[in-house]
Structure formats: structure tokens, C-alpha cells
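# Architecture and fold: a report
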Amino acid sequence: VLHYLCMLYYERKRARLQVLTGIELYANCAGPGLFLPHGKVVVSGGAWLGRNCKINSDVTIGESGTMYAHKNATIGDNVYIGTGVRILGGGKYC
């Protein structure tokens, strides 16, 4: 029961912060040093961001594939992602 309450608290807090900042970011999807100077950033739960990444506004990093075979993006260390970029699907981007 305690585990369920903690998960519920985390999800409500994440949803509230998403509305306030415009950033949709899941737990454990980024390494240390992530820098998001502006809002409107979406990173799917399966994607991985390396250390010291800088992501500007209006960026989507997501997954592609069917319901059974997801392909997630992996972003390397020290990567700068400019405004309006869409990274969808599997692959390693350095």
C-alpha cells in the first residue's frame, strides 16, 4: 500500500510540474548535468539522455515502432539539441 501511495504522489507531482513548466520528463531518463533553458520539451520514458546534455525549446525525443516492438532513442554525452528538433525511433545519437 505504501508503494502505491508513493507512486501516486510522484505521478501527481510530475503531472503538476509538467503543466507549470511545459517539460515532460520521466524519472531516470537523463544523466547528470541536463540543462533545459526553456519549456516545451518532451522526452519519452524509454529514451536515454547522456551526461551534460543541453536541450532547447520545442524538442521531442520519443520512440517509434509498433505496440510490441518499441525503438527508443539514445542521446550521447555532451550533446546540444537545438530548437524544434524531433528525434523519433531507435538509434544512438552522439
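Quick note: structure is the one above.
Below: a short report on this structure. Since the model is a prediction, treat every value here as computed from it, not as a measurement.

### Topic: the layout of surface pockets
- Put simply, the largest pocket is a space of about 150 Å³.
- Lining of the largest pocket is provided by Tyr10, Arg14, Leu17, Gln18, Thr21, Ile23, Glu24, Leu25, Tyr26 and Ala27.
- For the lining of the largest pocket, the secondary structure elements donating two or more residues are α1 (2–21) and β1 (23–24).
- Considering each element in turn, the lining of the largest pocket owes the most residues, five residues, to α1.
- The class makeup of the residues in the lining of the largest pocket is six nonpolar, two polar and two charged.

### As for the nonpolar core
- Of all hydrophobic cores here, the largest spans 15 residues; its most connected members are Val43, Leu49, Ile55, Ile61, Ile75, Ile81 and Ile87.
- For this core, the secondary structure elements donating two or more residues are β2 (41–43), β5 (59–65) and β6 (70–75).
- What Leu49 contacts, discounting residues up to four positions off in sequence, is Cys29, Ala30, Gly31, Leu34, Val43, Ile55, Ile61 and Ile75.

### Digging into a nonpolar patch on the surface
- Side chains of Val1, Tyr4, Leu5 and Leu8 sit close together on the surface and give an oily, nonpolar patch of about 470 Å² of accessible area.
- Tracing the backbone shows Val1 in the segment before α1.

Reading the values: rules and limits
- Residues numbered from 1 in each chain as written.
- Predicted model: local features only at pLDDT ≥ 70, side-chain atom pairs only at ≥ 80, totals over all residues.
- Heavy atoms only, no water.
- 1 Å grid on protein atoms, 1.4 Å probe; cavity = no way out; pocket = protein on both sides within 12 Å on 5 of 7 lines; lining within 4 Å.
- Points joined across faces, edges and corners; volume = space filled by probe spheres on them.
- Helix = DSSP H or I, 4+ residues; strand = E, 2+ residues; numbered from the N terminus.
- Nonpolar A, V, L, I, M, F, W, Y, C, P; charged D, E, K, R; others polar.
- Core = buried A, V, L, I, M, F, W, Y, C linked by side-chain atoms within 4.5 Å.
- Buried < 20%, exposed > 50% of the residue type's maximum accessible area, 1.4 Å probe, protein only.
- Contact = heavy atoms within 4.5 Å.
- Patch = residues over 30% accessible without salt bridge, like charges linked within 9 Å, V, L, I, M, F, W, Y side chains within 5 Å.
- Areas by Shrake-Rupley, 256 points an atom, 1.4 Å probe, with all protein chains shown as cover.
- Salt bridge = Lys/Arg side-chain N within 4 Å of Asp/Glu carboxyl O.

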